[in-house]
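Tertiary structure, described
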Amino acid sequence: MYTSLIPLAVIGTIWTSLFTFKVLNFIWIYFLRPSSIKKYHHNHIHSSAPPWAIITGASDGIGKQYAHELARLDFNIVLHGRNATKLHHLRTELHDEFPHLSFRAIVADASKSGPESSKHIQEIVDTLRDLHVTILINNVGSGGYRDGTVYAEIQDTEPEDIDHLINVNARFPAQFTRAVVPLLLSHGGPALILSMGSMGELGCPKLSLYGAAKCFDMSFSRALRREMILAGRDHVEVLGIMTGSVTGVSHNKSKATLQTPDSGDFARGAFQKVGCGEDVVAATAFQGLVWNMVRAMPLFLRDQSLISGIKRDMEMRAKLAKKA
Ligand SMILES: NC(=O)c1ccc[n+]([C@@H]2O[C@H](COP(=O)([O-])OP(=O)(O)OC[C@H]3O[C@@H](n4cnc5c(N)ncnc54)[C@H](OP(=O)(O)O)[C@@H]3O)[C@@H](O)[C@H]2O)c1
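Residues numbered from 1 in each chain as written. Predicted model: local features only at pLDDT ≥ 70, side-chain atom pairs only at ≥ 80, totals over all residues. Heavy atoms only, no water.

**Looking at the site of the ligand**
- As a structural note, the neighbourhood of the ligand is formed by 30 residues, with Ser59, Lys86, Asn139, Tyr210 and Ser250 the closest of them.
- Between the ligand and Lys86 there is a distance of 2.7 Å, counted from an oxygen atom to a side-chain nitrogen or oxygen.
- Residue Val246 places a main-chain N or O atom 2.9 Å away from an oxygen atom belonging to the ligand.
- Considering the ligand on its own, with 890 Å² of exposed area, one finds that the protein chains cover 93% of that surface.
- Those elements that provide at least two residues to the shell around the ligand are α2 (61-72) and α6 (208-230).
- When its residues are assigned to classes, the shell around the ligand shows 10 nonpolar, 15 polar and 5 charged. (Near = heavy atom within 4 Å. Polar contact = N/O pair within 3.5 Å; in protein donor to acceptor, adjacent residues only side chain to side chain. Areas by Shrake-Rupley, 256 points an atom, 1.4 Å probe, with all protein chains shown as cover. Helix = DSSP H or I, 4+ residues; strand = E, 2+ residues; numbered from the N terminus. Nonpolar A, V, L, I, M, F, W, Y, C, P; charged D, E, K, R; others polar.)

Structure follows, in structure tokens:
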């Protein structure tokens, strides 16, 4: 009789051990381990050229905070955006605060596609060949349609908006990464590619295109990580940041909460995860917990939770729009 219970005991022990490992790993990653981002702050092996980071979508929101954090860490920075004036202001702001560092701006509209746009991306990246680039942050992204609409059903979406969302959130990051990777590999030293995902990838109603495009980003990032390992380039870290709602960004200036951190805290949280060994990780413990819990839910609960989350957000946006 007792021998028939052995398989159950074995399964129970394995399950408990895995669960304990997951809990301890969570505590280690989100509360205890120090970031290893400083290892990307190295001079060129064959010269004293200082390290540079490239940030896409740097002119606002989280990207702007990434720029401030990297400057605090003493990195020179290439700021990408679509608005030359906004980039100029940010460059001046950074230069005033960090006069010992250098800042460059590159302009490219991520919503464009086709051979001309890919050529333009390659051309602007070619202007950076003199730099010792050790970090690429694929931050550019937006859930907004061309007119700013965020939530819409697929049949109410213009074909041009489908292209717009896929271009900004998936095509541009892929084309840009393709162009920048040779710079990251050229020096043979440690390099980091950090990309922004979204919990929208869990399949939120009325956000189908944005969520699907952000899912592309994380799948791309995971595959790139393994591509580096397969090629023996373990010194190149590829990390995806799973992102929930963040405030202090272009579309949300509400008060920060545990669930919706401020973009500055979010950026610091993301950098704290550098070197954690995961392929995709959340920037804050709360968002990490939510992400893991939603994925572990049975489907009917996940449906309810994602549908009610979108309803709440739509109501909040409607209230904010009325006030404005
Ligand atoms: N905030 C959130 O709640 C949240 C949640 C999940 C994921 N994310 C992800 O986090 C990243 C940053 O988002 P955010 O909230 O910080 O957004 P944000 O405040 O709107 O900033 C987006 C940045 O991307 C630039 N950008 C937008 N469209 C562009 C285009 N067509 N061409 C070139 N640049 C363009 C913006 O330039 P301009 O200054 O010219 O507008 C800005 O610099 C995105 O990848 C987003 O998907 C954010």
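**Re the side chain of Thr134**
- The residue Thr134 is located in strand β4 (residues 132-138) in this model.
- You can call Thr134 buried: its relative accessible area is 0%. (Buried < 20%, exposed > 50% of the residue type's maximum accessible area, 1.4 Å probe, protein only.)

**Section: the nonpolar core**
- Among the nonpolar cores identified, the biggest contains 41 residues, and Tyr66, Leu70, Leu79, Ile135, Leu194 and Ile241 are the most heavily contacted of them.
- Element by element, the count of residues in this core is highest for α2, at 5 residues.
- Those residues in contact with Leu79, other than ones at most four positions away along the chain, are Ile55, Ala58, Ala67, Leu87, Leu90, Arg91, Leu94, Phe103, Arg104, Ala105 and Ile106. (Core = buried A, V, L, I, M, F, W, Y, C linked by side-chain atoms within 4.5 Å. Contact = heavy atoms within 4.5 Å.)

**Overview of the sheet that holds strand β1 (residues 51-55)**
- Taken in spatial order, the 7 strands line up as β3-β2-β1-β4-β5-β6-β7 in an open sheet, and their pairing is parallel. Each of the sheet's edge strands pairs with one partner strand only, and the pair in question is β3 (103-107) and β7 (280-282). Taken over all neighbouring pairs, the strand axes of this sheet differ in orientation by 25° on average, direction set aside.
- Of the pairings in the sheet, the one linking β1 to β4 comprises 5 bridges and is parallel in character. Residue Pro51 lies in a different strand from β4, and its bridge partner there is His132.
- Packed on one face of the sheet, α2 meets β1, β2 (76-81), β3, β4, β5 (191-196) and β6 (236-242) and runs near 170° to β1. (Pairing = 2+ DSSP bridges. Axes fitted to C-alpha atoms, helices over the stretch in contact; angles between N-to-C directions.)

**Description of the packing of α2 against helix α7 (residues 263-272)**
- The interhelical angle for the contact between α2 and α7, taken along N-to-C directions, is 60°, at an axis separation of 8 Å. Here α2 is positioned oblique relative to α7, judged by the angle of their axes. As for how α2 packs across α7, the hand of that crossing is right-handed. The segment α2 lies against α7, with Gly61, Ile62, Gln65, Tyr66, Glu69, Leu70 and Arg72 engaging Ser263, Gly264, Phe266, Ala267, Arg268, Ala270 and Phe271.
- Taken together, the residues that form the contact of α2 with α7 break down as 7 nonpolar, 4 polar and 3 charged. (Parallel < 35°, antiparallel > 145°, perpendicular 65-115°, else oblique. Left-handed = near helix turned anticlockwise from the far one by under 90°.)

**Points about the pattern of salt bridges**
- This structure, assessed with the given rule, holds 13 salt bridges.
- One salt bridge connects Asp130 with Arg104, and the closest N-O pair in it is separated by 2.6 Å. Residue Asp130 is located in the loop between α4 (115-126) and β4, and its partner Arg104 is located in strand β3; the two are separated by 26 residues in the primary sequence.
- Judged by its relative accessible area of 54%, Asp130 falls in the exposed class.
- By relative accessible area, which is 26% here, Arg104 ends up partly exposed.
- The residue Arg226 makes a salt bridge to Asp279 at a minimum N-O spacing of 3.6 Å. Of the two residues, Arg226 is situated in helix α6 and Asp279 in the loop between α7 and β7; the sequence distance between them amounts to 53 residues. (Salt bridge = Lys/Arg side-chain N within 4 Å of Asp/Glu carboxyl O.)

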